[in-house]
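Residues per chain, in single letters:
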Amino acid sequence: MASEARGFTLEWALYTVIFIVVSSVILGYLAQSIARVFKLSKAEQRKVFWGFTFAGPWIVGFLIFVLGPALASFYYSFTDYKLGEEIKWIGLDNYRRLLLSEGRQGRQFNTSMLNSFYYALLGVPLQISAALAMAILLNKDIRGIRIFRMIFYMPVILAGGPAILLAWRYMLASNGGFVNEAMRKLADTFFVFDYLYRLFIYLMEAFNGFYIGIMRGDPLGPLKYTMPAFIATLLLLALARGEWSKGKRVLAWRGAQLIGIAISFWLVAKGLTRQPINPAWIWAGGGVALASILALAYHNRREVLYVQIATLISVVAVAGLALDHADFELAGSEAWRYLIPLAAVGAAVGASLAGRWTRPKVAALWAVTGLFGLIVLASLAPDQFDRGRLEILTRYLTFGSTIKHKADLDYLQTTYPAWLASAVWFYGLAVASLLGVALLDTHYPRARRAVVTGALVFFALITAGSLLDGWRYFDAFLDVARAAGKPNYHFALFHEAVAEFPDKTRVPLWMNSELWSKPSLILITMWSSGTGMLIFLAALKGVPRALYEAAEVDGASAIQRFFRITLPMISPAMFYNVVIGMIAALQTFESIYILQTPLTRDSLSSAAFLLYSRTFTELRIGEGAAMSWILVAIILTLTILQFRYSRSWVHYES
Amino acid sequence: MKRVLIFALVLVMSILAVVPSAAPSPAEARQDKVLEIYITGLTEDTMAWFNDVAFPAFEADHPGVTCEILTGGWGDFDVTVAGWITTSEGPDIIYLGSEYAATYGDLLMDLDSYFAEWADWEQYLPAAVDTVTYDGHIRGLPLLMSPRPIFYRSDLMVGEAPLTFADALEFAKANTIIEDNAAKQWAFMDIGNDLFDAQEFIAYIWSAGGELYNEDGTSAFDSPEVAEAMQYMYDRRRIMRPTEDTAGLPPIEGTALESGMVISGIFPMWAVPATSDPIWDNVAIEPYPAGENGAPLIQVFIDWLSVPAYAQDPELAVEFLKFIGSQDNAIALKDVAGFTPTRQDAWEQIKATDPVWSKLLDVTVEYGRAFSDIRASAELRPLIFEQMTLYLTDQQSLEDTQQMLKEEYDYILEENGYLD
């Protein structure tokens, strides 16, 4: 019987080999035919044939095992496909639900994405700092350094293993775990440490409690304006200080670009996935694209071409989607509301592609962009500013309150936010200010200074005003909860955490509380940052000693030498670690799978973990596929952005 | 060189084309049949029993058939089974957990006709038969059961084992010790080594007299019985963890029952000491407490062998199920692997030789309710985790939690075709 099974396996192996050989030869012939079309010489054609024939096995494998499944997954992402049931085409429904946090699936995806960003934005810098600190320590020339290196690297080999993760579970046990016991002993011995330890618990719980409130989608009220206003204030403050320079122009331009990209993503998610599509988003998207094309026109020809092509593809895609989902007759008047902006955007971008960049052409396209902006304002602004919405600006500028019914829970939970303008307007104003400053540059210094100062005062007042009003808003919720004698309705864990300073008995509940589950995971990740350490160590070895010696002669301190020599010289290694760390953080899976409990499952769940659960446990293949493509888009965008902006801080010797 | 290569290819393909097809006749197919059986979490002894005892016996009765066992862990169970079901390519028999009948539904074969004349069905616990039934049709054979009662350390506990929610709260107060904001002793622990689990929540809904579904098939999460079960779980939590920053018990080495820090708990038999351990002289086995209008119960989990719809030879697969489910093999599996048989005529020897198992089987017969007919269970579990976490940690009121559970579960039921 065993020999029969072996024969069966050999038979299949033979067929597989034949298939690979035949398909490789066919591939070689195809390549040769193409070479013939391009009129390559006979010798070149032969080279092409043999080259592709021998590369054939890999290419065939790639097509069958990578490209094929990827295309199938892309198709499934537009379907309602549950295992064992009929596949139904539902267009962008999966994407809309996930991106707009609709229903349970959308809510959980939103939570998981915010968890993933937490790991990426807090975990990666901490992991890199730990790796760099270890590398600097291990770069010392002391006896037995190789043994230390081995010890520090060992967690990388062990970290992913379930046994080690379970050991961490024991070490992080809230009661009797090694970490808490050690901390308690130190706190009992040194009173300063005791105070710092309790302060650490207080701050961590307050921060995580607030973050969980955001994850749950608790209304932020006035605080939703604080973030855009604060970001704009910081950027403008940096621009206002000292003399104007090229670096500042780049900062203004980069700031506008990054915020603009973030808004565009939001607009695309909100606008394109809505059915039927709001024509205002088409005008807005076209305006943003045209502005980007014009801003790039004189600086980067290659990038401008990418934007032009991407915009035209978007126009065609949106037209297809609009017609696919439209609940209007093509011949009816409704159709023109969609077709006109699409045609206008297509025509403007087409015009930008024609001929050379001349002053009249640029001026005409800026005028068209302005027109698009006016159309967007005309269609969206009345809805945004009616019913006294504009008054929030005047209220915040004078530190007044916008809350009208402090004791009404329904008002606080639902009505209040509906009265306010979207935070996108503040992000938009920030982009406009920064773009204005970048364009005015050295050409109109007075106007530039006026814009910087005016915008700085405006955004600083909005930051302070919205922060103050946010405080009142949170207080109102707390008062309602107290009066009702019920659990907190709003940022419950945050209120709980800041209610009183921790007493001596308090310990971090690492694996048992939502407040501590994410920090626990980051702690474990930091422990296993040996790979990053090795890369830093290699980079540190490559920094010429002469540079340090020269700096020492010039009187540079150790800190100055670190920031002025070490960091710039190891920046390529830093860049590599950031990119790889960010991708790994967004794909966190194994540790969550092992460490989660019923109470911490949601607070730990990453996008990759949710994707797994939805696809393989709940068998929702279509939605799982959509999640994976969103994750791909996010990882790809972040990686491209990192590469794009690395030029300003990564220094290569060449 | 190129011509030589092409010539060689043409030659090989011509030979393959000329060679007569090796497709076997149906009789020959059975002769060469390899029956693949997937079972999760087997010990080495159990694997050895299957390979050395059970398979040779079955193969002797079915000449030409070879049995092969595939095994894996619960960790990759969902992915593995989903892969087979998606591709319709996999083992002929698949081992499934208690709630999977509704998950895979019609993707599993209807075996009514194959089992129609099988007299042994009468020996199986009705709860076990319910577990393997979906849409009124039998989808497999119950292989083993895992009753999960509450075990009490009678030598350590203060008071009697409670049979009502009110008494259970008093019991929790009397048997819990909290010092310096950390637990020293807990009156109760659930299967997840903490104070909340989705399966346990469902058990308390049942013991409160409630159900998961209304008569029209919609979710009954808005019922007063569900509210009573939730309130009980919340109150019990607040006794054992007065605030959410109270630290739980220190890590337990060995089983919780032996630790002396846990007075009672819901555990499967593989998470308690061996029944020969003297500790059992001081352990009481009791059902879950009940609500005002409910009755105490014990949750019973049934693991079973299913035949997927893609199976090429269901007749042979069912023959194997009947073989492995025979009285002799049920007893043998209990001896080798510690499986609790689901057929009652296999219990005599167990009851005669093991007083702990005897007591366990008695209370299971009296109070047992199978963990089955949990519709869209894979989606219900995360929903319960999400909403109950909010409620138990003071982030959401009881009413809001009930409303969310009801609305979301109705949506899930509708999406999965359980509601019109």
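All values derive from a computational prediction rather than experimental measurement.

About the thresholds
- Counting of residues starts from 1 at the beginning of each chain's written sequence and follows it residue by residue.
- Following the order in which they are written, the chains are lettered starting with A and the ligands numbered starting with 1.
- Confidence filtering applies because this is a predicted model: local features only for residues at pLDDT of at least 70, side-chain atom pairs given and counted only at 80 or more, and all residues used for totals across whole chains, interfaces and linings.
- Side-chain calculation: all heavy atoms of the structure are included, whereas hydrogens and water are not.
- Secondary structure elements follow DSSP: runs of H or I of four or more residues count as helices, runs of E of two or more count as strands, with numbering from the N terminus.
- A simple rule labels every residue: compare its accessible area, found with a 1.4 Å probe on the protein chains alone, to the largest value its type can have, and call it buried under 20%, exposed over 50%, or partly exposed in between.
- The contact criterion used is simple: two residues touch if any of their non-hydrogen atoms lie within 4.5 Å.
- The Shrake-Rupley method, run with a 1.4 Å probe, gives the accessible areas here. Residue values count only the displayed protein chains as cover.
- His residues and chain termini do not enter the charge count, which takes Lys and Arg as positive and Asp and Glu as negative.
- In this description, the location of a charge corresponds to atom NZ of lysine, CZ of arginine, CG of aspartate or CD of glutamate.
- One side-chain nitrogen of Lys or Arg within 4 Å of one carboxyl oxygen of Asp or Glu is enough to make a salt bridge.
- At least two bridges found by DSSP between two strands is the condition for calling them paired.
- To obtain each axis, a line is fitted to C-alpha atoms, and for helices this fit is confined to the stretch in contact; angles are then taken between N-to-C directions over 0 to 180 degrees.
- Here the quantity called buried area is the accessible surface, traced with a 1.4 Å probe, that two parts lose on coming together, added over both.
- Any pair of N or O atoms that falls within 3.5 Å is considered a polar contact. Within protein, one atom must be able to donate a hydrogen and the other to accept it, and sequence-neighbouring residues count only if both atoms are side-chain atoms.
- Classification used: nonpolar for Ala, Val, Leu, Ile, Met, Phe, Trp, Tyr, Cys and Pro, charged for Asp, Glu, Lys and Arg, polar for all others including Gly.
- By definition, turning the near helix anticlockwise from the far helix through less than a right angle yields a left-handed crossing, and turning it clockwise yields a right-handed one.
- Directions drawn from the helix axis to the C-beta atoms are what define this arc.
- Each residue gets a pLDDT score, which is the predictor's confidence in that residue and runs from 0 to 100.
- The span you would expect from a helix comes to 1.5 Å times its residue count less one.
- By nonpolar core is meant a set of buried Ala, Val, Leu, Ile, Met, Phe, Trp, Tyr and Cys residues that side-chain atoms within 4.5 Å join together.
- Each domain's extent is set by a domain assignment, obtained either automatically or from a database.
- Aromatic rings from Phe, Tyr and Trp, with only the six-membered ring used for Trp, were paired whenever their centres fell within 6.5 Å, and each pair was classed as stacked if the ring planes differed by under 30 degrees, edge-to-face if by over 60, and tilted otherwise.

A closer look at the overall build of chain B
For chain B, the count of helices and strands is 17 helices and 13 strands. Considering only C-alpha atoms, chain B reaches an extent of 85 × 50 × 50 Å along its principal axes. The burial tally for chain B puts 57% of its 420 residues in the buried class. A separation of at least 24 residues holds for 74% of the contacts in chain B among residues at least 6 apart in sequence. Accessible surface for chain B amounts to roughly 17300 Å². Of this, 51% is attributable to carbon and sulfur atoms. Taken together, the 22 basic and 70 acidic charged side chains of chain B have centroids lying 4 Å from each other.

Points about the pattern of salt bridges
This model, assessed by the stated rule, comprises 38 salt bridges over all chains. For Glu102 of chain A, the salt bridge identified is with Arg96 of chain A, shortest N-O distance 3.1 Å. The class for Glu102 of chain A is partly exposed, based on a relative accessible area of 29%. Put simply, Arg506 of chain A and Asp245 of chain B hold a salt bridge, and the shortest N to O gap is 3.5 Å. Highlighted residues: Arg506 of chain A in the loop between helix 19 (492-498) and helix 20 (514-527) and Asp245 of chain B in the loop between helix 10 (224-240) and helix 11 (256-259), drawn from two different chains. Each of the salt bridges in this network shares a partner with another, and the network as a whole consists of Asp80, Arg104, Arg614, Glu618, Arg620 and Glu623 of chain A together with Glu379 and Glu415 of chain B.

So, the sheet that holds strand 7 (residues 150-153) of chain B
All names here are of chain B. As summarised here, the arrangement of the 3 strands in space is 10-7-11, forming an open sheet in which the pairing is antiparallel. Of all the strands in the sheet, the pair left with one neighbour each is strand 10 (264-266) and strand 11 (283-286). Along the sheet, successive strands turn relative to each other by an average axial angle of 25°, direction set aside. Relative to strand 11, strand 7 is paired through 4 bridges, and the arrangement is antiparallel. Paired with Tyr152 across the two strands is Ala284, which belongs to strand 11.

Looking at the interface of chain B and chain A
Taken together, the 60 residues of chain B in the interface contact 49 residues of chain A. For the pair chain B and chain A, the summed buried surface comes to about 4700 Å²; carbon and sulfur atoms form 59% of the total. At the junction of chain B and chain A, the tally comes to 7 salt bridges. Seen at the junction of chain B and chain A, the total is 10 residue pairs in polar contact (both at pLDDT 80 or more). Elements that contribute at least two residues to the side of chain B that touches chain A include exactly helix 1 (2-18), helix 4 (77-87), helix 5 (100-104), strand 9 (182-185), helix 16 (377-392) and helix 17 (398-415) of chain B. Ranked by residue count, the leading element in the side of chain B that touches chain A is helix 16 of chain B, at 9 residues. Taken together, the residues of the side of chain B that touches chain A sort by class into 29 nonpolar, 16 polar and 15 charged.

Some details on the environment of Arg153 of chain B
Residue and element names in this part refer to chain B. In this fold, Arg153 is placed in strand 7. With 86 residues separating them in the primary sequence, Arg153 and Cys67 have C-alpha atoms 44 Å apart. A distance of 2.9 Å separates polar atoms of two side chains, one belonging to Arg153 and the other to Asp155.

Points about the packing of helix 4 (residues 103-138) of chain A against helix 20 of chain A
Residues and elements named next belong to chain A. Closest axis-to-axis distance for the helix 4/helix 20 pair is 9 Å, and the angle between their directions is 35°. Crossing hand, helix 4 versus helix 20: right-handed. Here Asn115, Tyr118, Tyr119, Leu122, Gly123, Leu126, Gln127 and Ala130 of helix 4 come into contact with helix 20, specifically with Lys518, Pro519, Leu521, Ile522, Thr525 and Met526. Looking at the contact of helix 4 with helix 20 residue by residue, the classes come out as 9 nonpolar, 4 polar and 1 charged.

Some details on the pairing of strand 3 (residues 93-96) of chain B
Residues and elements named next belong to chain B. Burial of strand 3 is two-sided: the residues Ile93 and Tyr95 facing one way and the residues Ile94 and Leu96 facing the other way are all buried. Judged from the 2 bridges that link them, strand 1 (residues 34-40) and strand 3 form a sheet pairing that is parallel. For Ile37, the partnering residue across the bridge sits in strand 3 and is Ile93. Bridge count for strand 3 against strand 12 (residues 298-306) is 3 bridges, and the pairing is antiparallel. From the neighbouring strand, Leu96 faces strand 12, where its bridge partner is Trp304.

Here we look at helix 4 of chain B
Of all the residues in helix 4 of chain B, the buried ones are Phe77, Asp78, Val81, Ala82, Trp84 and Ile85 of chain B. Angular distribution of buried residues about the axis of helix 4 of chain B spans 160°; they occupy a single face of the element. The secondary structure elements touched by the buried residues of helix 4 of chain B are helix 27 (607-617) of chain A together with strand 1, strand 2 (66-72), strand 3 and helix 5 of chain B.

Considering the confidence of the model for chain A
Regions with low pLDDT should not have their predicted coordinates read in detail. Taken over all residues, the pLDDT of chain A has a mean of 86, while the share at 70 or more is 92%. For chain A, per-element mean pLDDT is lowest for helix 12 (residues 301-325) of chain A, which scores 74, and highest for helix 8 (residues 191-216) of chain A, which scores 94.

A word on unusual backbone geometry
Residues and elements named next belong to chain A. Notably, Ser101 is not glycine yet its phi reads approximately 55°, a positive angle. Counting through the fold element by element, Ser101 comes out in the loop between helix 3 (93-99) and helix 4. Classification of Ser101 as partly exposed rests on a relative accessible area of 29%. Backbone geometry places Leu619, a non-glycine residue, at a positive phi of 65°. Residue class for Leu619 comes out buried when judged on its relative accessible area of 2%.

Thoughts on helix 20 of chain A
All names here are of chain A. The first and last C-alpha atoms of helix 20 sit 21 Å apart over 14 residues, in line with the 20 Å expected at 1.5 Å per residue. Within helix 20, 10 of the 14 residues are buried, which leaves it mostly tucked inside the rest of the structure. Every buried residue of helix 20 is listed here: Glu514, Leu515, Trp516, Ser517, Lys518, Pro519, Ser520, Leu521, Ile522 and Ile524. Between the side-chain oxygen of the N-cap and the backbone nitrogen of Leu515 there are 3.0 Å, and the N-cap of helix 20 in question is Ser513.

Some words on the nonpolar core
Nonpolar side chains tend to gather and get buried jointly when the protein is soluble and globular. Ranked by size, the top nonpolar core spans 86 residues in total, and within it Phe201, Tyr204, Phe221 and Ile384 of chain B carry the most contacts. Residue assignment places this core across two domains, with domain 1 (26-147 + 301-370) and domain 2 (148-299 + 375-415) of chain B each supplying three or more. Once you skip the residues sitting within four places of it in the chain, Phe201 of chain B turns out to touch Phe196, Phe221, Val226, Met230, Met233, Ile384, Met388 and Leu405 of chain B. The next biggest cluster of nonpolar side chains, apart from the first, holds 70 residues, and it includes Met215, Ile522, Ile524 and Val578 of chain A.

Topic: the packing of aromatic side chains
Residue and element names in this part refer to chain A. Per the counting criterion, the structure on display carries 69 aromatic pairs over all chains. With 6.2 Å between their ring centres and 40° between their planes, Tyr118 and Phe207 make a pair best called tilted. Of this pair, Tyr118 sits in helix 4 while Phe207 sits in helix 8, placing them 89 residues apart in sequence. On the basis of relative accessibility, which here comes to 4%, the residue Tyr118 falls in the buried class. Between Tyr473 and Phe477, the ring centres sit 5.2 Å apart and the planes meet at 75°, which makes this aromatic pair edge-to-face. Of this pair, Tyr473 and Phe477 both sit in helix 18 (residues 445-484), 4 residues apart, which is roughly one turn of the helix. Under the relative-accessibility criterion, Phe477 is labelled buried at 2%.

Considerations on the domain arrangement of chain B
Residue and element names in this part refer to chain B. Looking at chain B, the domain boundaries give domain 1 (26-147 + 301-370) and domain 2 (148-299 + 375-415). In this complex, domain 1 contributes 17 residues to the contact, which on the side of domain 2 involves 19 residues. Together, Phe301, Tyr367 and Arg369 form the three largest contributors to the area buried by domain 1 at its contact with domain 2, with a combined 40%. Counting the contacts that link domain 1 with domain 2 gives 2 salt bridges.

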